[in-house]
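Here's the letter readout for the chains.
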Amino acid sequence: MVSLHSSLGTERKLVTELPGPKSRALHERRRTVVSAGLSTGFPVYIERAEGAILEDVDGNHLLDMGSGIAVISVGHAVPEVVDAVSAQVAAFTHTCFMVTPYESYVQVCEELAALTPGDFPKTSALFNSGAEAVENAVKVARLATGRSAVIVFDHAYHGRTNLTMALTAKNMPYKDHFGPFAPEVYRVPMSYPFLDGLSGAEAAARAITEIETQVGAHNVAALLIEPIQGEGGFVVPADGFLPALSEWTTRNGVVFIADEIQSGFCRTGDWFAVNHEGVIPDLVTTAKGLAGGMPLSAVTGRAELMNAVHEGGLGGTYGGNPVAAAAALATIRTMRDRDLPARARVLGETMLTSLRSLAQDVAIIGDVRGRGAMIAFELVQPGTKIPNAAAAKSIVNYCNERGVIALSCGTFGNVIRLLPPLVISDEQLADAMSVFASAVRAAG
Ligand code: PLZ
């Protein structure tokens, strides 16, 4: 039984090699009962966590630089969320909002309406996973416009369900042999400044020309985009790209859907990544950071679109579950009280400064980019832009084996992303950055 009261401390601390003997035994046990279709970034089995520290079953304390893929922005086991969730579990865990509703669902929707950009009436519907939110945003856009085509981008990631696999760009591991995929999905080029060298306006014109010539604006229900791409490689589009697309959608009656599932909720130093360029989406999908680790997602947007759906057209057994809703309310309160957007900006400056100085000494870092606490570096063959996935793999392994949980991403698997909990301390971040630096030097 895990003690709920003793603190884990704040430092990385290794007491066995990683993975330790108990983790190795668990990993062996899993083989007989867990589908081989699930990958494992690093097979250390976790027993407890606090702030930015993970404690594994062997008693090692690891520093979390991935936040469970951008979920634990408020930190692990933060008291505000623990208390809210515990109280809600004791009160009631489920009724189904479609059967007998409860206030916390309404409160989450009030928060979403207030926090998402745009000064107009907004309504929301709550779901469980990011993929489910994206699917529902597309349902709403199709119904509201009476059109069927959906525009997505190179390097996009939107989920693993049938429709969202179609929306996702990368074949392996997400799509291979899982087709046939949903129709009426059209992919156009993304703005990827490091690789295409185009301005935002040029990249937008390239995408818009493809849409108009290959699909026809009047057939397009929605344009769906991650304002900063996540799985695809932390691709930050050139300035002006998102505003130009947004303006084009408005002119053509196309629903602009911002997928803020990875970039939203303070991650980029603002509540949403679109805020940096003043872009106002018609619909926003959120999940991950929204509920401090509980499964919750949302579609939020213009009331006239969201309310165009016939009664009963949106829903699900668990969507907006009361425990997840309580977690979201506590998470949002914590983000506000601790001004986590500001903290994300500070963390981002520290990470960028450290990575940029490293990039001057090593030839394998081709690009350093990101915003707020969503930072990445892209690894290349020295002197070229040819992807270097082997270097990324060796950097991730080096960090993991030293107790710093690191994640890669990118269509070519050659990008390392840094996604610390926003409550990580300066000392913890300095420790993590020094391990990343040694890892890069070893790989270079
Ligand atoms: N949209 C922008 O980042 C989830 C995927 C991990 P779900 N990203 C992590 C994996 O390999 O499955 C994501 C995202 C963006 C949608 C999703 C999908 O969110 O909660 O995983 O369904």
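Before reading on, note that the structure itself is shown above.
Let me sum up the structure you'll find in this document. (Residues numbered from 1 in each chain as written. Predicted model: local features only at pLDDT ≥ 70, side-chain atom pairs only at ≥ 80, totals over all residues. Heavy atoms only, no water.)

On to unusual backbone geometry, then. In this chain, Leu 18 is followed by Pro 19 through a cis amide linkage whose omega measures -10 degrees. Relative to the helices and strands, Pro 19 resides in the segment before helix 1 (21-33). Omega for the peptide link from Met 172 to Pro 173 comes to 0 degrees, which places this bond in the cis form. Note on placement: Pro 173 falls in the loop between helix 6 (162-167) and strand 6 (185-188). (Helix = DSSP H or I, 4+ residues; strand = E, 2+ residues; numbered from the N terminus.)

So, about the sheet that holds strand 3 (residues 61-64). If you walk across this open sheet you meet the 4 strands as 1-2-3-13, and the pairing is mixed. Every interior strand has two partners, whereas the edge strands, strand 1 (46-50) and strand 13 (404-405), have only one. Here 3 bridges tie strand 2 (residues 53-56) to strand 3, and the two strands are oriented antiparallel to one another. Bridge pairing in strand 3 places Glu 55 opposite His 61. (Pairing = 2+ DSSP bridges.)

Turning to the sheet that holds strand 9 (residues 283-286), a few remarks are in order. As summarised here, the arrangement of the 7 strands in space is 4-10-9-8-7-5-6, forming an open sheet in which the pairing is mixed. Every interior strand has two partners, whereas the edge strands, strand 4 (122-127) and strand 6, have only one. In this sheet, adjacent strand axes meet at a mean angle of 20 degrees when their direction is disregarded. As paired elements, strand 8 (residues 255-259) and strand 9 share 3 bridges and run parallel to each other. Residue pairing for strand 9: Asp 259 is matched across the bridge by Thr 285. (Axes fitted to C-alpha atoms, helices over the stretch in contact; angles between N-to-C directions.)

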